[in-house]
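Residues per chain are reported as follows:
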Amino acid sequence: LEKIVSIREAVRHPLWMFVIGAVVSVISLFIAFLIFPDSVGLFTTVLVTFVMTPFMVNLLTYEAFVTELEIKKKIRQSFFQRHWDMLLIYTAFFSGMIVALSLVFIFLPDQTVTKLFEDQINEIKLIRGSFLVSSTFLKIAINNVGVLILSVLFAFIFGSGAIFILSWNASVLSAAIGLTAKSVSGLQGIPVALLTYMQHGVFEIVAYFLGGISGGILSALVMKRKTELFGVMIVDSMKVLAAAISLLLVGAVIETLMIPA
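Attention here is on the structure that accompanies the text. (Residues numbered from 1 in each chain as written. Predicted model: local features only at pLDDT ≥ 70, side-chain atom pairs only at ≥ 80, totals over all residues. Heavy atoms only, no water.)

### Observations regarding the packing of helix H5 (residues 84-107) against helix H9 (residues 160-184)
And step 1. Running from N to C, H5 and H9 point in directions that differ by 35°, and their axes come no closer than 8 Å. With respect to the hand of their crossing, H5 and H9 are arranged in right-handed fashion.
And step 2. Of the residues that constitute the contact of H5 with H9, the class distribution is 15 nonpolar, five polar and one charged. (Axes fitted to C-alpha atoms, helices over the stretch in contact; angles between N-to-C directions. Helix = DSSP H or I, 4+ residues; strand = E, 2+ residues; numbered from the N terminus. Left-handed = near helix turned anticlockwise from the far one by under 90°. Nonpolar A, V, L, I, M, F, W, Y, C, P; charged D, E, K, R; others polar.)

Below is the structure:
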């Protein structure tokens, strides 16, 4: 599956990654259901990570190479300009996951859905229960920043770390959207579900993407070992990390205001 779309094709046509995200997530869900029935949700994320690691590692290496060339040629660009292609690819892939898994959640019977998404549903219950007991801006912000730091460290230490965290978050978000949509009116409840979670979720998702990209680029640079631009890229990555933390703080403010007193 990871060979269906090359890095060059993904850069030229990021929409293909939306399709790949949908296909890979559904196939992984089906395989996890057959082989790991006791923990389908978790192993779906593991399988998605397993399949996409070669592609994502190659993408990080490609981005580091292109970035180094641009800096050597003294092409002045912001981080977003230099890595816009990568951001689009990540966004398209995980958006495909979210859409596909949300539709699976909505259309399948409740008993089947409970089995397939048991791990994600339990996670959602833990989050909701925790926030209802003592919901504060500080608690939400610390939790989200902690996930961001893990995403950066995982991406820096090994390429599949960021994919795993982002895949898990995508599956949890899909389950949350599915639960809300089903409680309203099924497929027609998707807009309500999106309004419920995306008001703050969009800030968190973008922040985690930036964190994963930041750690991944640093990892690719370290693997090259010799580069005159190492210091420049560290500063660049720190700026991105600061932007990601700022987005999480904005999301935490919105999430805090959404929680009923």
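There's more to say after this.
### Quick notes on the packing of aromatic side chains
And step 1. Enumeration according to the criterion identifies four aromatic pairs in this entry.
And step 2. Centre to centre, the rings of Tyr 90 and Phe 94 are 6.2 Å apart; their planes meet at 40°, and the pair counts as tilted. Of this pair, Tyr 90 and Phe 94 both sit in helix H5, separated by four residues, roughly a single helical turn.
And step 3. By relative accessible area, Tyr 90 is classed as buried at 2%.
And step 4. Between the aromatic rings of Phe 105 and Phe 117, the centroid separation amounts to 5.1 Å while the plane-to-plane angle is 55°, which identifies the pairing as tilted. On the criterion of sequence distance, the pair formed by Phe 105 in helix H5 and Phe 117 in the loop between helix H6 (110-116) and helix H7 (118-133) is long-range, its members being twelve residues apart. (Phe/Tyr/Trp six-rings, centres within 6.5 Å; stacked < 30°, edge-to-face > 60°. Buried < 20%, exposed > 50% of the residue type's maximum accessible area, 1.4 Å probe, protein only.)

### Quick word on the packing of helix H2 (residues 15-35) against H5
And step 1. It is the contact of H2 with H5, at a shortest axis distance of 7 Å, that shows an interaxial angle of 45°. Compared by their axis directions, H2 and H5 come out oblique. For H2 against H5, the interelement crossing comes out right-handed. Contact with H2, carried on its side by Met 17, Phe 18, Ile 20, Gly 21, Ala 22, Ser 25, Val 26 and Leu 29, involves Ile 89, Ala 92, Phe 93, Ser 95, Gly 96, Met 97, Val 99, Ala 100, Leu 101 and Val 104 of H5 and no other residues of that element. (Parallel < 35°, antiparallel > 145°, perpendicular 65-115°, else oblique. Contact = heavy atoms within 4.5 Å.)

### Focus on the environment of Ile 7
And step 1. With respect to the helices and strands, Ile 7 occurs in helix H1 (residues 7-12).
And step 2. By relative accessible area, which is 17% here, Ile 7 ends up buried.
And step 3. Taking C-alpha positions, Ile 7 is 9.9 Å from Met 86, a pair spaced 79 residues apart along the chain.

### Quick word on the pattern of salt bridges
Oppositely charged side chains are able to pair whenever their charged atoms sit close together.
And step 1. The full count for this structure, using the stated rule, is one salt bridge.
And step 2. For Lys 182, the salt bridge goes to Asp 110, with nearest N and O atoms at 2.8 Å. With Lys 182 in helix H9 and Asp 110 in helix H6, this pair connects stretches of sequence that are 72 residues apart.
And step 3. The exposed category is assigned to Asp 110, whose relative accessible area is 53%. (Salt bridge = Lys/Arg side-chain N within 4 Å of Asp/Glu carboxyl O.)

### Looking at helix H8 (residues 137-157)
And step 1. With 21 residues, H8 should cover 30 Å at 1.5 Å per step; its first-to-last C-alpha distance of 30 Å lies within 8% of that length.
And step 2. If you check which residues of H8 are buried, you get Ile 140, Ala 141, Asn 144, Val 145, Leu 148, Ser 151, Val 152 and Ala 155. Buried residues of H8, seen end-on, are gathered within an arc of 120° and therefore sit on one face of the element. Exposed positions of H8 whose direction lies more than 90 degrees from the buried face are Leu 138, Ile 142 and Ile 157. (Expected span 1.5 Å × (residues − 1). Arc of directions from axis to C-beta.)

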